[in-house]
Protein chains: 4
Amino acid sequence: MSARTISVDVIRIPTKGPGDVSGLIQLIEAGRIDPVSILAILGKTEGNGGVNDFTREYAGSALSIALAPYLALPPERVEERVAFVMSGGTEGVLSPHITVFTRNLSGNNDAQSVFADKRLSIGIAHTRNFLPEEIGRGAQLTETVKAVAAAMADAGIDNPSDVHFVQIKCPLLTSDRIEEAHGRGQRPVTTSAYGSMGYSRGASALGVAAALGEVKGDIKDDDILKRYDLFSSVASTSAGIELMHNVIIVMGNSRAAASPFVIGHAVMRDAIDTAAVIDALQSVGLRGEGSAPVAAGGLVNIFAKAEASPDGTVRGFRHTMLEDTDISATRHARAAVGGLISGLSGTGAVYVSGGAEHQGPPGGGPVAVIARV
Amino acid sequence: MSARTISVDVIRIPTKGPGDVSGLIQLIEAGRIDPVSILAILGKTEGNGGVNDFTREYAGSALSIALAPYLALPPERVEERVAFVMSGGTEGVLSPHITVFTRNLSGNNDAQSVFADKRLSIGIAHTRNFLPEEIGRGAQLTETVKAVAAAMADAGIDNPSDVHFVQIKCPLLTSDRIEEAHGRGQRPVTTSAYGSMGYSRGASALGVAAALGEVKGDIKDDDILKRYDLFSSVASTSAGIELMHNVIIVMGNSRAAASPFVIGHAVMRDAIDTAAVIDALQSVGLRGEGSAPVAAGGLVNIFAKAEASPDGTVRGFRHTMLEDTDISATRHARAAVGGLISGLSGTGAVYVSGGAEHQGPPGGGPVAVIARV
Amino acid sequence: MSARTISVDVIRIPTKGPGDVSGLIQLIEAGRIDPVSILAILGKTEGNGGVNDFTREYAGSALSIALAPYLALPPERVEERVAFVMSGGTEGVLSPHITVFTRNLSGNNDAQSVFADKRLSIGIAHTRNFLPEEIGRGAQLTETVKAVAAAMADAGIDNPSDVHFVQIKCPLLTSDRIEEAHGRGQRPVTTSAYGSMGYSRGASALGVAAALGEVKGDIKDDDILKRYDLFSSVASTSAGIELMHNVIIVMGNSRAAASPFVIGHAVMRDAIDTAAVIDALQSVGLRGEGSAPVAAGGLVNIFAKAEASPDGTVRGFRHTMLEDTDISATRHARAAVGGLISGLSGTGAVYVSGGAEHQGPPGGGPVAVIARV
Amino acid sequence: MSARTISVDVIRIPTKGPGDVSGLIQLIEAGRIDPVSILAILGKTEGNGGVNDFTREYAGSALSIALAPYLALPPERVEERVAFVMSGGTEGVLSPHITVFTRNLSGNNDAQSVFADKRLSIGIAHTRNFLPEEIGRGAQLTETVKAVAAAMADAGIDNPSDVHFVQIKCPLLTSDRIEEAHGRGQRPVTTSAYGSMGYSRGASALGVAAALGEVKGDIKDDDILKRYDLFSSVASTSAGIELMHNVIIVMGNSRAAASPFVIGHAVMRDAIDTAAVIDALQSVGLRGEGSAPVAAGGLVNIFAKAEASPDGTVRGFRHTMLEDTDISATRHARAAVGGLISGLSGTGAVYVSGGAEHQGPPGGGPVAVIARV
């Protein structure tokens with residue numbers, strides 16, 4: 001590992017709408033955020049989280065335009081420098097917000113003397129663009145494996161057990177893209193745009209699992225969205241219409257990091273796994289008093305994945321999320337898991353993202369917590 | 001109080017659909033439930049909980065047809081004898097089920113010697129039918145006050161502090177009913193069918209508050225859906241298209257009761273009030289171990305109301321439930337509060353009902369728990 | 001062909017809700033409908049038309065209970081005698097209603113002298129129950145071929161060109177059914193309940209196409225929901241949770257029929273094919289005057305299928321039905337085609353059913369009209 | 001009237017998403033559209049058309065950013081110069097697109113010699129910003145009256161009968177705005193964001209009716225959304241979250257206009273008024289052949305309003321649009337009327353906008369057609 005020091009800051013900012021960048025700009029203008037150091041922005045936007053959720057694209061566009069002058073870049077080139085991961089869907093008590101991750105690298109060899117323990121670090125990497133027919137298949141998985149390794153190195157993390165959250169933004173299929181593939185005689189994994197979101201999330205998550213050694217041996221195309229016993233405990237993948245490649249953001253604790261934050265995680269076995277959420281909170285030192293299970297004092301944000309249990313039940317009782325033609329299962333799942341996590345942490349401004357294929361066990365998902373030390 | 005003994009039983013039965021009565025029939029045939037003693041059935045059905053939710057009506061119809069032969073009544077007269085309260089909407093992890101309440105009265109003077117402490121009792125009463133223009137106004141409220149008193153007497157409860165849950169089924173306006181009123185020169189409180197559900201629930205809840213002394217002094221028509229500082233801590237009101245009067249079911253603890261159950265309640269101040277849910281669970285002796293806040297052992301069921309906070313925020317963070325044109329606010333709120341309560345109690349087969357106008361403080365709602373002693 | 005006479009009557013009855021049978025009962029009590037002669041009832045109910053649309057099941061249950069005493073059958077056996085086809089979804093201007101088909105057979109050899117021309121006849125047949133893994137595959141198709149032939153014979157029709165509408169009610173997969181198949185080591189065609197509706201409709205429609213010679217040669221499992229160039233011009237298939245077999249209703253014109261009605265059809269090439277709708281209307285003698293294209297005088301009902309064009313466009317312009325996560329494509333399509341057909345016929349009480357896989361060309365569908373002569 | 005000549009051009013451009021400006025930019029770069037002459041852009045975007053439809057705002061933002069360099073204005077000032085009216089909701093066969101209106105004025109006195117007949121002209125005006133409590137009330141109405149007169153003068157139209165379409169973009173209430181008014185002791189017309197859209201559209205439409213003499217005498221606050229016998233036959237009003245004032249665009253035929261287009265209109269009496277649509281098409285010379293009622297040759301675009309009939313019926317048959325909790329009535333209505341108009345005109349790229357309060361008779365709405373001469 002290099003002798004450099006990685007200084008990370010994490011700031012959660014509420015938003016008034018998908019196009020609202022006022023909070024971010026205010027903090028930049030106040031000198032609280034150095035725009036040049038922004039590495040990634042994860043956001044929850046108030047769309048439906050589905051194929052036709054344009055709030056993600058709108059938020060990305062608004063952020064690009066807002067940051068462009070500070071970065072001396074044209075808006076269309078901002079995303080090459082800052083990773084935007086907008087997850088649509090703030091159902092129930094979930095509250096629209098962005099979390100800004102900044103990073104400063106320095107060559108200071110003494111860095112590690114600053115803190116005796118490992119602190120939050122963050123690394124990033126991109127895959128190449130995918131062809132429509134590669135989405136949800138081995139090509140997407142294999143490229144993800146490579147990019148996770150690159151992002152770990154970027155974060156100064158060499159032990160997979162120090163990785164607590166891997167956020168991936170991945171593409172989906174649209175009518176256009178499917179047509180384009182058909183035009184070349186290729187057959188994409190599905191002709192359903194909504195369905196393709198699951199395939200893309202699943203292949204990307206299995207890429208993380210392979211990269212971190214969570215799954216041993218070969219993963220076949222046919223395993224994707226089939227063998228749900230294969231999963232990553234730290235992957236969080238989110239599909240969006242606005243890109244054709246995967247963006248990988250690795251978060252973990254590193255001795256190279258000089259930040260006042262730590263990150264921890266647990267795995268929710270199902271959508272009502274209170275114990276896992278509390279374990280994740282306690283793993284970074286957050287404990288409640290009396291009947292309030294958690295004190296929100298040092299909490300920075302929680303990052304979790306939610307999904308409707310594919311077997312149609314939660315702890316033996318039937319749920320109806322998969323059979324509701326009016327509300328998509330991902331909206332149901334975000335609302336429910338968002339309600340639980342918000343209740344346990346005392347705030348709705350948490351990042352709960354839908355569609356947890358191969359991210360945690362079937363019906364469950366990873367939950368990671370960043371806290372101020 | 002009378003010297004009679006009230007023996008109450010409470011059985012929760014999962015359902016496979018709104019028309020599924022197989023579980024109930026099986027228990028009747030097995031001698032586990034005496035059909036003649038059934039006083040009320042509260043159910044969660046998997047509709048949308050809105051105006052066009054016919055699953056409630058369907059479930060009521062199926063139950064009437066199933067019970068008719070056991071009661072030697074024609075199906076259309078079963079509801080005169082058994083109160084059905086079907087609450088539509090099993091969003092997120094909520095699971096369709098019914099809870100059957102049976103009651104046997106006996107003149108045995110020694111009843112009170114059976115248990116030293118107060119036990120779960122249940123009473124019931126009906127108002128007269130309302131005219132469309134009475135719904136959501138003083139007439140509905142005043143008639144409810146009278147019926148709550150009658151139901152308390154029926155339950156053998158004379159102290160309002162022993163009342164822990166008052167479930168009311170109330171009517172709503174439809175295009176037809178609005179037209180009918182207009183035809184007589186009357187102007188209903190609203191011309192929106194969906195909107196009328198809130199008015200009806202609100203007037204009914206304020207009737208409970210007045211009956212139990214929770215609100216002092218006169219309540220005016222204009223206070224309904226306006227003065228949200230006026231509320232009941234134990235009312236749960238549910239609007240349905242299938243009736244034109246209010247059905248009142250009072251649940252509480254009574255010395256006259258000889259049942260192996262107790263009931264307790266707390267008030268959620270907002271949709272993420274974990275402490276209130278835990279307080280309600282602990283009030284009937286349910287405590288968790290380790291990081292699992294609650295042991296589900298003796299739990300029979302939880303009855304709670306959920307609503308989107310009318311000021312648009314939860315603990316200072318904006319929610320988007322009221323501004324979503326695709327998912328109604330009641331569906332959002334049930335999903336979120338259902339997620340929290342399910343997580344804390346370990347089961348999705350709980351009764352979380354939407355639309356908590358004047359039921360608990362704005363954005364909050366009552367939560368009652370029945371446990372086996 | 002037999003020498004019997006088939007007397008058919010067709011009565012359209014508006015309904016006030018899925019459980020409303022009052023209109024039908026009134027006509028029976030008034031002697032207008034002989035309950036013993038009821039062969040089939042096709043209805044539009046106001047659910048969402050999707051997996052969790054219980055209005056279809058509720059309507060069927062209400063009709064069974066209402067007709068049982070007239071048929072001297074227990075309610076659960078009524079459907080063995082009368083075919084109920086409830087199509088959920090009355091989006092836009094579509095209006096909930098039922099169409100009652102009655103039939104009387106007589107041995108009168110002179111029947112054919114009554115009318116010189118062919119008149120509306122109707123025949124019916126059932127397949128065996130399917131296993132979950134047979135749905136959407138060859139077994140369902142092959143059984144349908146046999147049943148169409150049986151229903152034609154039943155209708156006194158021997159020439160396929162005299163068949164103008166073949167309504168099929170077919171099953172869908174639920175979580176339970178999928179689990180059951182998995183338990184036997186079988187893999188159903190899809191694990192999505194919503195998705196299974198399309199497979200079941202598609203296989204059934206191709207069964208009609210094969211039976212009527214519209215498609216020549218073998219149809220393979222892989223052709224279902226893939227080769228959309230294979231289709232029937234008269235099939236209308238509707239999936240519902242309430243059965244496990246196919247019910248086939250053949251409608252056409254027959255010399256054996258002694259009814260005051262005729263039926264005709266055309267094929268909508270896309271969802272805005274006004275010319276086809278007008279052709280179908282004109283084929284049974286319905287013509288408009290002035291700028292109103294059609295006079296509604298003799299119209300009894302229109303039966304049409306609607307679907308979102310799978311290539312994402314209608315006459316070169318992009319539609320957004322397939323990418324809307326909040327409204328299912330079938331709801332969109334019914335609303336749009338229902339708007340057009342209602343406009344051209346002057347009434348919203350028409351039978352427009354969603355999901356037209358292999359029923360007409362991709363994005364189009366059959367449209368049949370019954371008119372009083 | 002002035003001696004100036006008004007040269008108007010109208011170009012319809014399909015879009016690939018709410019943020020897609022590529023078609024417009026291509027036409028500008030090709031010299032086909034002079035950006036400086038752009039007066040207004042009316043668009044259909046693929047959101048839900050409700051309160052939380054951010055596609056309108058996103059489209060406006062994308063257009064502002066795209067046009068800014070051509071107009072030498074900062075993006076945030078583009079809307080002061082070009083009126084954007086984005087109507088959300090492309091249900092059913094409706095296709096996302098924008099219609100660009102350009103205008104050039106010249107002092108040439110000979111203008112009127114160019115064409116003997118009246119041709120399409122267009123004028124524009126803005127009201128002042130409204131306070132939240134003014135929305136849906138007299139203040140909004142009165143200001144609209146003034147602005148319509150100003151826009152007519154701007155269009156060179158002095159006879160109200162030459163006005164065929166008045167498009168208004170008007171504001172709505174949000175939680176924030178309602179709170180702000182409450183903070184000042186003011187009570188907005190409704191506390192429902194969704195409900196406020198109707199009030200704002202209604203007050204604006206009545207402003208048009210008053211301005212054009214369609215309604216005589218005083219219109220009271222209480223008439224808004226109550227007296228539906230008061231309406232404008234040419235008003236089309238669309239509420240959006242992105243502004244606090246009304247933008248008025250008057251379209252009509254004027255002798256001062258030198259454009260190759262004419263505009264005409266009719267009033268749909270209900271949602272299935274085929275005759276009115278055909279009348280409007282024929283009023284600008286568009287006639288069909290055979291069973292296709294209309295030839296699409298010279299059609300430029302159609303502008304229509306749709307709404308669910310408030311009495312719950314269409315030509316005596318019950319519709320279910322107002323009682324559907326899963327799909328808002330405006331989405332239902334757009335889908336149905338869009339289906340009809342698309343069928344009669346042969347294209348889904350038409351402007352059908354929801355919410356027709358006081359725009360045409362109850363359940364109906366204006367339909368205007370622009371055709372190339």
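For the structure, check the block above.
Undergrad: For the packing of helix 7 (residues 274-283) of chain B against helix 8 (residues 329-345) of chain B, give the residues involved together with the corresponding values.
TA: Residue and element names in this part refer to chain B. Two elements in contact, helix 7 and helix 8, have axes separated by 10 Å at closest approach and are oriented at 45°. If you check the angle between helix 7 and helix 8, you find them oblique. Between helix 7 and helix 8 the crossing geometry is right-handed. In this structure, helix 7 contributes T274, V277, I278 and L281 to the contact, and helix 8 contributes L340, I341 and L344. For the contact of helix 7 with helix 8, a count of residues per class yields six nonpolar, one polar and no charged.

Undergrad: Hey, could you go over the sheet that holds strand 3 (residues 83-88) of chain A for me, with residue numbers and the actual values?
TA: All names here are of chain A. Pairing is mixed across the open sheet formed by four strands, whose spatial order is 1-4-2-3. Of all the strands in the sheet, just strand 1 (5-14) and strand 3 have a single pairing partner and so form its edges. With direction set aside, neighbouring strand axes in the sheet form an average angle of 10°. Two elements, strand 2 (residues 38-45) and strand 3, share six bridges in a ladder whose sense is parallel.

Undergrad: Residues and numbers for the packing of aromatic side chains, please.
TA: Across all of its chains, the model carries 14 aromatic pairs over all chains by this definition. Taking 5.4 Å as the distance between ring centres and 40° as the angle between the ring planes, the aromatic pair formed by F165 of chain A and F303 of chain A counts as tilted. Of this pair, F165 of chain A sits in strand 6 (residues 163-171) while F303 of chain A sits in strand 10 (residues 299-306); the two residues are 138 residues apart in sequence, bridging distant segments of the chain. Relative to F303 of chain B, the ring of F101 of chain B has its centre 6.1 Å away and its plane inclined at 40°; by these criteria the two rings are tilted. Residue F101 of chain B is located in strand 4 (residues 97-106), and its partner F303 of chain B is located in strand 10 (residues 299-306); the two are separated by 202 residues in the primary sequence. No difference in accessibility class separates F101 of chain B from F303 of chain B, as the two residues are buried. An aromatic cluster is built from F101, F165, F303 and Y351 of chain A, whose rings are joined through pairwise contacts. Sitting over the face of the ring of Y351 of chain A, K44 of chain A holds its NZ or CZ atom 5.9 Å from the ring centroid.

Undergrad: Describe in detail unusual backbone geometry, supporting the description with residues and values.
TA: Negative phi is the rule for most residues except glycine; trans is the rule for most peptide bonds. The phi torsion at A72 of chain A lies on the positive side, around 55°, for a residue other than glycine. Residue classification places A72 of chain A among the exposed residues on the basis of a relative accessible area of 70%.

Undergrad: Lay out the interface of chain C and chain D in plain terms, naming residues and giving numbers.
TA: Contact residues are listed per partner, giving 44 residues for chain C and 44 residues for chain D. Taken over both partners, the interface formed by chain C and chain D buries close to 3300 Å², and the fraction arising from carbon and sulfur atoms is 59%. Its salt-bridge partner being R331 of chain C, residue D324 of chain D comes within 2.9 Å of it at the nearest N-O pair. Counting across the interface, chain C meets chain D through 14 residue pairs in polar contact (both at pLDDT 80 or more).

Undergrad: Help me get a handle on the pairing of strand 9 (residues 261-268) of chain B, residues and values and all.
TA: Residue and element names in this part refer to chain B. Burial within strand 9 is extensive, with six of its eight residues counted as buried. Where strand 9 meets strand 14 (residues 365-372), eight bridges bridge the pair, whose relative direction is antiparallel. Following the sheet pairing, A266 is matched in strand 14 by V367.

Undergrad: Give a detailed account of the sheet that holds strand 2 (residues 38-45) of chain C, specifying residues and quantitative values.
TA: Residues and elements named next belong to chain C. Here we have four strands laid out as an open sheet, ordered 1-4-2-3, and mixed in their pairing. Strand pairing shows two members of the sheet lacking a second neighbour, strand 1 (5-14) and strand 3 (83-88), which therefore form its edges. Direction aside, neighbouring strands of the sheet carry axes that sit 10° apart on average. Strands strand 1, strand 2 and strand 4 (97-106) of the sheet are contacted by helix 1 (residues 22-29), whose axis makes an angle of about 135° with strand 1.

Undergrad: Report on the interface of chain C and chain B, specifying residues and quantitative values.
TA: Listed per partner, the contact involves twelve residues of chain C and twelve residues of chain B. Sorting the residues of chain C by area buried against chain B places F54, Y58 and D326 of chain C first, and these three jointly supply 51% of that buried surface. Summed over the shared surface of chain C and chain B, the result is zero salt bridges. Here the side of chain C that touches chain B gets five residues from one element, more than from any other, and that element is helix 2 (residues 55-71) of chain C.

Undergrad: Explain the relation of the copies chain C and chain D to me, using residue names and the numbers behind them.
TA: Once turned by 180° and shifted 0.0 Å along the axis, chain C lies on chain D with an RMSD of 0.0 Å. The relationship between the two copies is best expressed as a two-fold rotation axis. Relative to the rotation axis, the closest C-alpha in chain C is found at L340 of chain C, a distance of 2.0 Å. The share of interface residues of chain C whose copies in chain D are also at the interface is 100%, consistent with both copies meeting through the same surface.

Undergrad: Which residues make up empty space enclosed by the protein, and what are the values?
TA: Applying the stated criterion across every chain yields a total of 15 cavities of 30 Å³ or more. Roughly 230 Å³ of volume is contained in the largest cavity. Split into classes, the residues belonging to the lining of the largest cavity amount to two nonpolar, nine polar and ten charged. If you add up the space inside the second largest cavity, you get close to 180 Å³. In this structure, the second largest cavity is lined by 20 residues; those nearest its centre are N48 and N52 of chain A together with G47, N48 and N52 of chain D. Split by residue class, the lining of the second largest cavity holds two nonpolar, eight polar and ten charged.

Undergrad: Pulling in residues and values, what's your account of the relation of the copies chain C and chain B?
TA: It takes a turn of 180° to lay chain C on chain B, together with a shift of 0.0 Å along the axis; the resulting RMSD is 0.0 Å. When the interface residues of chain C are mapped onto chain B, 92% of them are again interface residues, pointing to one common binding face.

Undergrad: Give a detailed account of the pairing of strand 8 (residues 245-254) of chain D, specifying residues and quantitative values.
TA: Residues and elements named next belong to chain D. Buried residues dominate strand 8, accounting for ten of its ten residues. Side chains H245, V247, I249, M251 and N253 project from strand 8 onto one buried face, and the interleaved N246, I248, V250, G252 and S254 project onto a second face that is buried too. Bridging between strand 6 (residues 163-171) and strand 8 involves six bridges; their strand directions are antiparallel. Pairing of V166 across the sheet is with V250, part of strand 8.

Undergrad: How would you explain the packing of helix 5 (residues 138-155) of chain C against helix 7 (residues 193-211) of chain C if you had to name every residue and give the values?
TA: Residue and element names in this part refer to chain C. One way to put it is that helix 5 packs onto helix 7 with a least axis distance of 8 Å and a crossing angle of 45°. Here helix 5 is positioned oblique relative to helix 7, judged by the angle of their axes. Relative to helix 7, the crossing made by helix 5 is right-handed. Residues Q140, L141, T144, V145 and V148 of helix 5 touch helix 7, and the partners they reach there are Y199, S200, A203, S204, L206, G207, V208, A210 and A211.

Undergrad: Could you give me a rundown of the side chain of S309 of chain D, with the residues and numbers involved?
TA: Residues and elements named next belong to chain D. Looking at where S309 falls in the secondary structure, it is placed in the loop between strand 10 (299-306) and strand 11 (313-314). Side-chain polar atoms of S309 contact the side chain of D311, separated by 2.7 Å. Those residues in contact with S309 that sit more than four places away from it in its chain are H319, L322 and G363.

Undergrad: Talk me through the environment of A280 of chain D; I want residue IDs and the actual numbers.
TA: All names here are of chain D. You can see A280 is positioned in helix 7 (residues 274-283). Taking relative accessible area as the criterion, A280 reaches 0% and is therefore assigned buried. Taking the C-alpha atoms as reference points, A280 and R32, 248 residues apart in sequence, are found 28 Å from one another. When sequence neighbours within four positions are dropped, the list of residues in contact with A280 reads H265, A266, V367 and V369.

Undergrad: Tell me about the pattern of salt bridges, residues and numbers included.
TA: Evaluation of the coordinates by the stated rule reveals 76 salt bridges over all chains. Of the charged contacts, one joins R184 of chain A and E133 of chain A as a salt bridge, the two residues approaching to 2.8 Å between their closest N and O atoms. With R184 of chain A in the loop between helix 5 (175-183) and helix 6 (193-211) and E133 of chain A in the loop between strand 5 (119-129) and helix 4 (138-155), this residue pair connects regions lying 51 residues apart in the sequence. A residue is classified by how much of its surface remains accessible, and E133 of chain A, at 10% relative accessible area, is buried. Residue E357 of chain D pairs with R201 of chain D through a salt bridge whose shortest N-O separation is 2.8 Å. One end of the pair, E357 of chain D, is in the loop between strand 13 (351-354) and strand 14 (365-372); the other, R201 of chain D, is in helix 6 (residues 193-211), and 156 residues separate them in sequence. Pair check on accessibility: E357 of chain D and R201 of chain D agree, each one buried.

Undergrad: Explain helix 5 (residues 175-183) of chain B to me, and be specific about the residues and the numbers.
TA: Residue and element names in this part refer to chain B. Along helix 5, the residues that are buried comprise S175, R177, I178 and A181. Down the axis of helix 5, the smallest arc covering the buried residues is 170°, so these residues share one side. Across from the buried face of helix 5, at angles greater than 90 degrees, the exposed residues are D176 and G183. Immediately beyond the C-terminal end of helix 5, within one or two residues, lies G185, with a positive phi of roughly 75°.

Cut-offs and rules
- Residues numbered from 1 in each chain as written.
- Chains lettered and ligands numbered in written order.
- Predicted model: local features only at pLDDT ≥ 70, side-chain atom pairs only at ≥ 80, totals over all residues.
- Heavy atoms only, no water.
- Axes fitted to C-alpha atoms, helices over the stretch in contact; angles between N-to-C directions.
- Helix = DSSP H or I, 4+ residues; strand = E, 2+ residues; numbered from the N terminus.
- Parallel < 35°, antiparallel > 145°, perpendicular 65-115°, else oblique.
- Left-handed = near helix turned anticlockwise from the far one by under 90°.
- Contact = heavy atoms within 4.5 Å.
- Nonpolar A, V, L, I, M, F, W, Y, C, P; charged D, E, K, R; others polar.
- Pairing = 2+ DSSP bridges.
- Phe/Tyr/Trp six-rings, centres within 6.5 Å; stacked < 30°, edge-to-face > 60°.
- Buried < 20%, exposed > 50% of the residue type's maximum accessible area, 1.4 Å probe, protein only.
- Lys NZ or Arg CZ within 6 Å of the ring centre and 35° of its normal.
- Buried area = accessible area lost by both parts, 1.4 Å probe.
- Salt bridge = Lys/Arg side-chain N within 4 Å of Asp/Glu carboxyl O.
- Polar contact = N/O pair within 3.5 Å; in protein donor to acceptor, adjacent residues only side chain to side chain.
- Least-squares fit on C-alpha atoms with pLDDT ≥ 70 in both.
- 1 Å grid on protein atoms, 1.4 Å probe; cavity = no way out; pocket = protein on both sides within 12 Å on 5 of 7 lines; lining within 4 Å.
- Points joined across faces, edges and corners; volume = space filled by probe spheres on them.
- Arc of directions from axis to C-beta.

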